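# Fold and geometry: a report
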Amino acid sequence: MAKNSKNKELAWEWMKFATSEFTQKFIYEEQGLMPSIKAAYDWESVKKVDHLMNPIFKAMSTPYTPRYPWGSSQPRFILQSEIEAALTGQRSTEDALKRAQAESTDWVKNR
């Protein structure tokens, strides 16, 4: 709810509706979006796939989750460079993969 909201009462009502169990269950079951309330643990639709949902709930329970390092720009650049080298015949596929693995592992260790 923004400080500059022209209708704070209506904005508050929207916030209550959007975070209600009814709405959260609807967006999860009908639209496939993640629920943001603890009551979701008790829904049958969540219990059916709790092996998939529990890690998501755990990640959502903390303000920061561990970053997947291979999604960072440097390891992606390393892999892209080695793939290009393999595709252009500068290196064998095996050598390119070994080099990419070694260089990106070094990058992760030295961050």
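Residues numbered from 1 in each chain as written. Predicted model: local features only at pLDDT ≥ 70, side-chain atom pairs only at ≥ 80, totals over all residues. Heavy atoms only, no water.

## Some thoughts on helix α6 (residues 93-109)
Taking 1.5 Å of rise per residue, the 17 residues of α6 would be expected to cover 24 Å, and the 24 Å separating its terminal C-alpha atoms lies within 8% of that figure. Along α6, the positions that sit buried rather than exposed are Ala96, Ala100 and Ser104. The arc that holds every buried residue of α6, seen down its axis, measures 45°, which confines them to one face. Exposed residues pointing more than 90 degrees away from the buried face of α6 are listed as Glu94, Lys98 and Lys109. For α6, the elements touching its buried residues are α5 (73-87). (Helix = DSSP H or I, 4+ residues; strand = E, 2+ residues; numbered from the N terminus. Expected span 1.5 Å × (residues − 1). Buried < 20%, exposed > 50% of the residue type's maximum accessible area, 1.4 Å probe, protein only. Arc of directions from axis to C-beta. Contact = heavy atoms within 4.5 Å.)

## Some thoughts on the pattern of salt bridges
According to the stated counting rule, one finds 4 salt bridges in the structure shown. Lys16 is the partner of Glu13 in a salt bridge, and the nearest nitrogen-oxygen pair spans 2.9 Å. Separated by 3 residues within a single helix, Glu13 and Lys16 lie in helix α1 (residues 8-18), roughly one turn from each other. The exposure class assigned to Lys16 is partly exposed, which follows from its relative accessible area of 38%. Where Glu82 meets Arg99, a salt bridge forms, and the shortest distance between an N and an O atom there is 3.7 Å. Residue Glu82 is located in helix α5, and its partner Arg99 is located in helix α6; the two are separated by 17 residues in the primary sequence. Accessibility expressed as a relative area gives 40% for Arg99, which makes it partly exposed. Salt bridges sharing common partners tie together Glu82, Arg91 and Arg99. (Salt bridge = Lys/Arg side-chain N within 4 Å of Asp/Glu carboxyl O.)

## Comments concerning the packing of aromatic side chains
Overall, the coordinates contain 3 aromatic pairs when judged by the stated rule. Their ring planes at 45° and their centres at 5.6 Å tell us that Trp14 and Phe17 sit as a pair that is tilted. Here Trp14 pairs with Phe17, and both are found in helix α1, just 3 residues apart, close to one helical turn. Residue classification places Phe17 among the partly exposed residues on the basis of a relative accessible area of 39%. (Phe/Tyr/Trp six-rings, centres within 6.5 Å; stacked < 30°, edge-to-face > 60°.)

## Some words on the nonpolar core
Core analysis: the largest hydrophobic core is formed by 7 residues, namely Tyr28, Ile37, Ala40, Trp43, Val46, Met53 and Phe57. When sequence neighbours within four positions are dropped, the list of residues in contact with Ile37 reads Thr19, Ser20, Glu21, Gln24 and Trp43. (Core = buried A, V, L, I, M, F, W, Y, C linked by side-chain atoms within 4.5 Å.)

No statement about biological role is implied by the geometric values presented.
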